[in-house]
Amino acid sequence: MKKLILLIPALFVLASCKKNFSCTCHEISTAQNGGYINQTQYNVKEYNEQGARDRCTDMYRNNLAPKGDHKCEVMNVK
């Protein structure tokens, strides 16, 4: 019983740790052939993929102030 009492908080702590995410953000060009401009990569530490995407989007907006449509994609978990 004592092991179970110690195991539950330990699992909660491990599950709630922040993980390292890598994401790429870019602005979509309005030129005839399209494509991406201002492509930037970020590494963030968050609890989940959606949190990482939101943080990368905020960083991209604050750093580059895109004028058109932009998108951030989480590429992988380190």
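Refer to the structure printed above.
Residues numbered from 1 in each chain as written. Predicted model: local features only at pLDDT ≥ 70, side-chain atom pairs only at ≥ 80, totals over all residues. Heavy atoms only, no water.

Caption draft 1: Examining the overall build of the protein more closely. Across its full length, the protein carries two helices and three strands. Counting from the amino terminus, helix and strand elements in the protein follow one another as α-β-β-α-β. Counting the 78 residues in the protein, one finds 23% classified as buried. The long-range share in the protein, meaning contacts at least 24 apart out of those at least 6 apart in sequence, stands at 52%. Total accessible area on the protein is roughly 6000 Å²; 55% of this is exposed by carbon and sulfur atoms. (Helix = DSSP H or I, 4+ residues; strand = E, 2+ residues; numbered from the N terminus. Buried < 20%, exposed > 50% of the residue type's maximum accessible area, 1.4 Å probe, protein only. Contact = heavy atoms within 4.5 Å. Areas by Shrake-Rupley, 256 points an atom, 1.4 Å probe, with all protein chains shown as cover.)

Caption draft 2: Region of interest: the side chain of Glu 46. With respect to the element layout, Glu 46 can be found in strand 2 (residues 36-46). Glu 46 sits in the buried class, given a relative accessible area of 16%. Here Arg 55 takes part through its side chain, which lies 3.5 Å from a polar atom of the side chain of Glu 46. With sequence-adjacent residues up to four places away left out, Glu 46 is seen in contact with Lys 18, Lys 19, Phe 21, Gly 51, Ala 52 and Arg 55. (Polar contact = N/O pair within 3.5 Å; in protein donor to acceptor, adjacent residues only side chain to side chain.)

Caption draft 3: Quick look at the pattern of salt bridges. According to the stated counting rule, one finds three salt bridges in the structure shown. Close ionic contact of Glu 49 with Arg 53 constitutes a salt bridge, the shortest N to O distance being 3.2 Å. Remark: Arg 53 and Glu 49 occur in helix 2 (residues 49-64); sequence separation between them is four residues, near one turn of the helix. (Salt bridge = Lys/Arg side-chain N within 4 Å of Asp/Glu carboxyl O.)

Caption draft 4: Representation of the environment of Ala 52 within the structure. Here Ala 52 is to be found in helix 2. Judged by relative accessible area, which is 0%, Ala 52 ranks as buried. Taking the C-alpha atoms as reference points, Ala 52 and Lys 18, 34 residues apart in sequence, are found 10.0 Å from one another. Ala 52 has contacts with Phe 21, Cys 23, Val 44, Glu 46 and Val 74, leaving out every residue within four places of it along the chain.

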